[in-house]
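Structure at a glance
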Amino acid sequence: MAKAEFRVRSAERDRKNDDLRIERLDKVLQDVISEVRREKTGLRARYEGSIDNEVRPLDALDMSPKPSKGKAETEDSLAQCIARLKKLDLQESVLKQMQQDLARLQGISAE
C-alpha cells in the first residue's frame, strides 16, 4: 500500500479562512459592545430622569442614623445603579481591548 504524499493547503486559502473567522468574531464583539452601550445609556437616562437623582451623588445623601425604609431603598437603588454603570464601563473597556487584540491578530494573518 503506497503512502500518500503530505500536502498543505495554499497560504491564500488559510488566509481567507483566518480573515473570515476574525470578521465573524469582530462582528460579535461589535454587537456586544453595542448591547453594553445601550444598557448604559438606558440606565443613565432612567437615573437622570428620576426624582431620586436630586440626591446624587450618592455620597451627598443625608445619612441619618436611622434612615426611613423608603430612603434606605433609594440609597440601595442608587448604589446598585452606580455599581452597574461601573461594571458596564469595565465590560466595554475589556471588549474594546479584545477588538484591538483582534485587529493585531488580523495584521498577523495578513502577512
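Residue positions within a chain follow its written sequence, with the count starting from 1. Only residues with pLDDT of at least 70 get local features here, since the model is predicted, and only at 80 or more are side-chain atom pairs given and counted; chain-wide, interface and lining totals rely on the full set of residues. Computation of side-chain values covers all heavy atoms of the structure but excludes hydrogens and water.

On to the overall build of the chain, then. Helix and strand counts for the chain come out as two helices and zero strands. For each residue, the accessible area found with a 1.4 Å probe, counting protein chains only, is set against the maximum for its type, and the residue is called buried under 20%, exposed over 50%, and partly exposed in between. Expressed as a percentage of the 111 residues in the chain, the buried residues total 17%. Restricting to contacts in the chain with at least 6 residues of sequence separation, those with at least 24 account for 71%. Surface summary for the chain: the accessible area is close to 8900 Å², and the carbon and sulfur share equals 54%. Here a helix means four or more residues in a row that DSSP labels H or I, a strand means two or more in a row labelled E, and each is numbered from the N terminus. Contact definition: two residues touch when any of their heavy atoms are within 4.5 Å. Using a 1.4 Å probe, the Shrake-Rupley method yields the accessible areas, and only the shown protein chains count as cover for residues.

A surface patch of nonpolar side chains, about 270 Å² in accessible area, is lined by L90, V94 and M98. Along the chain, the position of L90 falls in helix α2 (residues 69-109). Accessibility expressed as a relative area gives 53% for L90, which makes it exposed. Within this analysis, patches are made of residues with over 30% relative accessible area and no salt bridge. Like charges are joined at 9 Å or less; nonpolar side chains (Val, Leu, Ile, Met, Phe, Trp, Tyr) at 5 Å or less. Any carboxyl oxygen of Asp or Glu that lies within 4 Å of a side-chain nitrogen of Lys or Arg is treated as forming a salt bridge with it.

Our next topic: the environment of Q106. Examined against the element boundaries, Q106 turns out to sit in helix α2. For Q106, a relative accessible area of 31% gives the class partly exposed. Separated by 88 residues in the primary sequence, Q106 and D18 have C-alpha atoms spaced 7.8 Å apart.

Attention now goes to the pattern of salt bridges. Opposite charge on two side chains permits pairing when their charged atoms draw close. Taken as a whole, this structure holds ten salt bridges when the rule is applied. For the salt bridge of K40 with D89, the shortest nitrogen-to-oxygen distance reads 2.8 Å. Placement of the pair is K40 in helix α1 (residues 11-48) and D89 in helix α2, with a sequence separation of 49 residues. K40 sits in the buried class, given a relative accessible area of 13%. With a relative accessible area of 37%, D89 lands in the partly exposed category. Linking E92 and K96 is a salt bridge whose minimum nitrogen-to-oxygen distance equals 3.4 Å. Placement of the pair is E92 and K96 together in helix α2, with a separation of four residues, close to one helical turn.

The residue S93 is located in helix α2 in this model. The partly exposed category is assigned to S93, whose relative accessible area is 45%. In sequence terms S93 and I33 are 60 residues apart; their C-alpha atoms lie 9.2 Å from each other.

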